[in-house]
Amino acid sequence: VEFTKVAADPSIVNLGQGLPDISPPSYVKEALAKVAAVDRLNQYTRGFGHPSLVKALSQVYEKACGRKIDPLTDILVTVGAYGSLFSTIQALIEEGDEVIIIEPFYDSYEPMVKMAGAKPVFIPLRCKNYGNSASSADWVLDPAELANKFNSKTKAIILNTPHNPIGKVFTREELQVIADLCIKHDTLCISDEVYEWLVYKGNKHIKIATLPGMWERTVTIGSAGKTYSVTGWKLGWSIGPEYLIKHLQVVHQNTLYTCPTPLQEALAQAFWIDYKRMDDPDCYFHSLSRELESKRDRMAQLLKEAGLKPVIPDGGYFMIVDVSTLNVDLSDVDEKQPYDYKFVKWMIASKKLSAIPLSAFCGPETKKQFEKYIRFCFIKKDSTLDAAEVILKNWNKQTG
Amino acid sequence: IKASNSLSFSLQAKMSRPVRARRLEGIDKNIWVEFVKLAATYSKVNLGQGFPNFPAPDFLTEAFTRALSGGNHMLHQYTRAFGHPPLVKVLAQFFEKLLGRDLDPMTNVMVTVGAYQALFCCFQALVDEGDEVIIIEPFFDCYEPMVKMAGGTPVFVPLRPNPPKDGKLMSSADWQLDPAELASKFSKQTKAIVLNSPNNPLGKVFSHGELGLIAELCVKHDVLCISDEVYEWLVYDGKQHIRIASLQGMWDRTVIVGSAGKTFSATGWKVGWVVGPDRLLQHLRTVHQNSVYHCATIAQEAVAQGFQRELMLYGKPESYFVQLPKELQQKRDWLVQSLDSVGMKPIVPEGTYFLVADISQFKSDVPDVPNSDEPYDYRFAKWMVKNKGLAAIPLSAFYSEAHKKNYTNFIRLCFAKEEATLKAANDILQKWKQEKTSS
């Protein structure tokens, strides 16, 4: 919430907050334009998810998971993936529980776990190559360190793959390590997979719920906003076994009851279009990641030319950048803030370019480890990236 | 579970540790899940769940389509978390007029996913373990589980029927709080009272005197007021909806809850709001940013335009807020007459689009089952939808567990329906009555 205010200034090139400024596909916009004309779509629909939407989701995810998914019992439609995270945590986590969170983490996990009365237990991704990172794949969990975080109080681990902010796409082997520990300690896995379709060449998104023994202990979360570049539709979903999803449904019926009907109907229609061509390269799930890959590469190039060190993401639409190489001296700024906060504020003020400081995504112990990184979002239209290019090319021409 | 066990068995196993969080205890039942399914399966005429079956007004759906065709594709992206700027601005303007005080759109207004989520934010933000919350019965059913989920204790106080002595039909105004009984419910633990006026399900519009009584007690005991005013525009017979927040000493301790779904007959848009002092709303914002964070942009944009139109037409005959209650009053009168003519005694509502009817004269069709775990009116309503195709909601759904048995002869009907629907309902009722008379 803090940084969105600062970046609302139109003279600033906003690569901070994760929202696309590209247009959603036209058939998605058209689907929504048509629905308002249908009277009954302006009234309440089924609380746990509009029938045509949960049907479409079950088809898409049956294909993706390779198992039967019941649209009425195994799926809950929520207000964004955010709402799914909230429903899952409120349904299954309580006082006395511990929840493992991998750092850096999407910032809402920590307050949500705390709001449920539980204790967050952090474990950082660590850079393999002595701090010299060129790729998101360099960032890994130490298996022994991870195993140490599990105990009898560990109710859940929150997994985010593809990962925000680093862009890491967890490999099958990495997921197996996590799965083994979940099974051994009878722990839940809350798998935030909102960027599931955004994986770049040479990488594959693997659903931890498809690993042996994991379906029965995993809630997988998805997002229309990220799938279709419509973050303002605020529709997400939780998918999992009935005996877990039913508790999320109880939370839902006691918090907001139902999600907007017209948006769910339009989303269902979009899903049917792409479901039919899921194996086709034209499917938006695949075409978007191709589009973003070239933006990723362009962004990385510009950052390198400006003397910054980007960490090339294997997935997602964020890129973290090591800014320490610039040696910008901010010691005179006497706030007790971490370096990256100060850097971003300085960058917004003097370069008119915004990003998000990485320590915003860390627990208190790890802030020092990550304070030389900032996060850029590259799901931006060409003119935005052009404006960023101008700034980055002129970076070293200005002082301070 | 060791991997050395039979692999396929252990790997299919559910988690053996208990998974459900304790906060969900006792709140898993929900009347709507059951009755909406029944209506969908059996009903020919659905007067059950509260939503209009006539279209939302053209100016609203046109605003939605216009916003989409405008070429501003950023309407498909996140807007301000606490409320889309054009919407909070016009809500502030509107409520400034209605409350007679200055409002800051950024701090005195917040947009939510329906009034339902507004209520959730109120309880989560303001109610703690050990707090008592007074709920007036009959009540919109979600108040009780929401109080419990927040760790609070609901304390119930009933509206009591005082039937008119002249044999006329009862009005929702005849259901009243006993002042001494109400006062006795306030204790040191009382954190808040939930007020719903106009009241769902009865349709009662609390009078100035009645609100004054509640306000006095709130001030005396330093208690908050969560004021659910979603039906604020649906008042009949020239009555006035009075906002308790405008009474002496109340602004600073009241959160007003409102709904675009009810205001603009578009329940499926799920846009609601809270209006109140910053010192209370700041806590609702915290809950909101940790639960849903943002509400859908496009619906907020269209609702903002709807309000802008109403602001210009305020008080004029073309105002939707003037036309809708006029239309609904006619429908109310029609349904009242229809029910009365067959012997189902309606309680004439002063507001909302619900009315409650006494079905005592039809009980012979659905024999009582002693020691049944289900209240009589639940069984009656279920029988009625399955056998007569008419869906309604049993009144005891709006009572606490302890008091359900006190009011088992009533059903709630929604009259926000097209003429054809109300006619069809009448046909069912007339036929039913004929069958009873001839048998």
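Rules used in this analysis
- Each chain has its residues counted from 1, running along the sequence as written.
- Both sets of labels track the order of writing: A upward for chains, 1 upward for ligands.
- Whole-chain, interface and lining totals are the exception, using all residues; otherwise, since this is a predicted model, local features are given only for residues with pLDDT of at least 70 and side-chain atom pairs are given and counted only at 80 or more.
- Note that water and hydrogens are dropped before the side-chain values are worked out from all heavy atoms of the structure.
- UniProt positions are given in the numbering used here, feature names are shortened, and annotations may be inferred rather than shown by experiment.
- The split into domains, and so the bounds of each, comes from an automatic or database assignment of domains.
- Any two residues whose heavy atoms approach within 4.5 Å at even a single point are treated as in contact.
- Here the quantity called buried area is the accessible surface, traced with a 1.4 Å probe, that two parts lose on coming together, added over both.
- Think of a salt bridge as a Lys or Arg side-chain nitrogen and an Asp or Glu carboxyl oxygen that are within 4 Å of each other.
- Numbered from the N terminus, helices here are DSSP runs of H or I no shorter than four residues, and strands are runs of E no shorter than two.
- When a residue's accessible area, from a 1.4 Å probe over protein chains only, is under 20% of the maximum for its type it is buried; when over 50% it is exposed; and in between it is partly exposed.
- Being paired, for any two strands, means DSSP has found at least two bridges between them.
- Here the axes come from fitting lines to C-alpha atoms, over the contacting stretch only for helices, and the angles between their N-to-C directions go from 0 to 180 degrees.
- In these notes the angle categories are as follows: under 35 degrees is roughly parallel, over 145 is roughly antiparallel, 65 to 115 is roughly perpendicular, and the rest is oblique.
- The classification used treats Ala, Val, Leu, Ile, Met, Phe, Trp, Tyr, Cys and Pro as nonpolar, Asp, Glu, Lys and Arg as charged, and all other residues, Gly among them, as polar.
- N or O atoms within 3.5 Å of each other form a polar contact, as long as, within protein, one can give a hydrogen and the other can take it, and as long as residues adjacent in sequence are counted only when both atoms are side-chain atoms.
- The set of buried Ala, Val, Leu, Ile, Met, Phe, Trp, Tyr and Cys residues whose side-chain atoms join them within 4.5 Å is what this entry labels a nonpolar core.

Within an unreviewed UniProt entry, the label attached to chain B reads KAT1 transaminase, and the organism entered is Falcunculus frontatus. What UniProt records for chain B under Pathway (unreviewed entry) is the sentence "Amino-acid degradation; L-kynurenine degradation; kynurenate from L-kynurenine: step 1/2." Regarding chain B, the UniProt comment filed under Subunit (unreviewed entry) reads as follows: "Homodimer."

The name given to chain A in an unreviewed UniProt entry is Kynurenine--oxoglutarate transaminase 3, and the organism recorded there is Falcunculus frontatus. Recorded in UniProt under Cofactor (unreviewed entry), the annotation for chain A is "pyridoxal 5'-phosphate". For chain A, the Subunit (unreviewed entry) comment in UniProt is given as "Homodimer."

1. Section: the domain arrangement of chain A
Residue and element names in this part refer to chain A. The domain boundaries assigned to chain A delineate domain 1 (5-24 + 283-394) and domain 2 (26-276). Placing a centre on the C-alpha atoms of domain 1 and another on those of domain 2 gives a separation of 25 Å. Taken together, the contact between domain 1 and domain 2 spans 40 residues of the former and 42 residues of the latter. Note on domain 1 versus domain 2: buried area summed over both sides is about 3,400 Å², and carbon and sulfur give 58% of it. It is Pro24, Phe285 and Asp314 that lose the most area in domain 1 upon contact with domain 2, and together they represent 23% of the buried surface on that side. Summed over the shared surface of domain 1 and domain 2, the result is 1 salt bridge.

2. So, the pattern of salt bridges
Residue and element names in this part refer to chain A. Considering all chains together, one arrives at 42 salt bridges over all chains under this definition. With a closest N to O distance of 3.2 Å, Arg217 and Asp186 form a salt bridge. With Arg217 in the loop between strand S8 (188-192) and strand S9 (218-223) and Asp186 in the loop between helix H7 (172-185) and S8, this pair connects stretches of sequence that are 31 residues apart. In this pair, the class of Arg217 matches that of Asp186, namely buried. Put simply, Glu389 and Arg298 hold a salt bridge, and the shortest N to O gap is 2.7 Å.

3. A short note on the sheet that holds strand S8 (residues 224-228) of chain B
Strand pairing in a sheet relies on backbone hydrogen bonds, with the paired strands running either antiparallel or parallel. Residues and elements named next belong to chain B. Reading across the sheet, the 7 strands line up as S2-S10-S9-S8-S7-S3-S4 and stay open at both edges, with mixed pairing between neighbours. A strand with exactly one partner marks an edge of an open sheet, and here the two such strands are strand S2 (109-112) and strand S4 (153-158). Taken pair by pair, the neighbouring strands of this sheet meet at an average axis angle of 20°, ignoring direction. Against the sheet, helix H4 (residues 85-99) touches S2, strand S9 (254-259) and strand S10 (272-275), its axis set at about 125° to S2. Along the sheet, helix H8 (residues 208-221) makes contact with strand S3 (132-137), strand S7 (190-196) and S8, crossing S7 at roughly 165°.

4. Examining the packing of helix H5 (residues 114-126) of chain B against helix H10 (residues 278-289) of chain B
Residue and element names in this part refer to chain B. In the contact formed by H5 and H10, the axes pass within 8 Å of each other and the chain directions differ by 110°. As summarised for this structure, H5 and H10 are arranged roughly perpendicular, according to the angle between their axes. Residues Gln117, Phe120, Cys121, Cys122, Gln124, Ala125 and Leu126 of H5 form the contact with H10, whose participating residues are Leu280, His283, Leu284, Val287 and His288. Split by residue class, the contact of H5 with H10 holds 8 nonpolar, 4 polar and no charged.

5. A closer look at the interface of chain A and chain B
With 69 residues of chain A at the contact, the number on the chain B side is 63 residues. Across the chain A to chain B interface the summed buried area is about 5,900 Å²; carbon plus sulfur atoms make up 58%. Linking chain A with chain B are 1 salt bridge. Between Glu94 of chain A and Arg22 of chain B there is a salt bridge, with its nearest N and O atoms 3.4 Å apart. Counting every contact that joins chain A to chain B gives 35 residue pairs in polar contact (both at pLDDT 80 or more). Among the secondary structure elements, those contributing two or more residues to the side of chain A that touches chain B are helix H2 (26-35), helix H4 (80-92), helix H5 (109-115), strand S7 (154-160), H7, helix H9 (242-253) and helix H10 (261-276) of chain A. The greatest single-element share of the side of chain A that touches chain B, amounting to 7 residues, is contributed by H4 of chain A. Residues belonging to the side of chain A that touches chain B are distributed by class as follows: 36 nonpolar, 21 polar and 12 charged.

6. Let's talk about the packing of helix H13 (residues 376-388) of chain B against helix H14 (residues 419-438) of chain B
Residue and element names in this part refer to chain B. At a minimum axis separation of 12 Å, H13 and H14 run at an interaxial angle of 100°. One element, H13, and the other, H14, form an angle in the roughly perpendicular class. From H13, Phe380, Trp383, Met384 and Lys388 reach across to H14, where they touch Ile428, Trp432 and Glu435. The class makeup of the residues in the contact of H13 with H14 is 5 nonpolar, no polar and 2 charged.

7. Remarks on the domain arrangement of chain B
Residue and element names in this part refer to chain B. One can read the domain layout of chain B as domain 1 (30-35 + 43-56 + 320-438) and domain 2 (58-313). Computed over C-alpha atoms, the centres of domain 1 and domain 2 are 25 Å apart. The interface of domain 1 with domain 2 comprises 38 residues on the first partner and 45 residues on the second. Approximately 3,500 Å² of surface area, both sides summed, lies buried where domain 1 meets domain 2, with 61% of it carried by carbon and sulfur atoms. Run the count over domain 1 and domain 2 and you get 2 salt bridges. As a salt-bridge pair, Asp237 and Arg332 come within 2.8 Å of each other at their nearest N and O atoms. Counting residues per element, the ones that place at least two in the side of domain 1 that touches domain 2 are helix H2 (31-42), helix H12 (320-342), strand S11 (345-347), strand S12 (354-358) and strand S15 (410-414). If one sorts the elements of the side of domain 1 that touches domain 2 by residue count, H12 sits on top with 9 residues.

8. Comments concerning the nonpolar core
In this structure, Phe343 of chain A together with Phe123 of chain B are the most contacted members of the largest nonpolar core, which totals 278 residues. In contact with Phe123 of chain B, not counting residues within four places along its chain, are Val133, Tyr143, Met146, Val147, Ala150, Val194 and Ile226 of chain B. Ile178, Leu181, Cys189 and Ile356 of chain A belong to the second largest nonpolar core, which has 33 residues in total.

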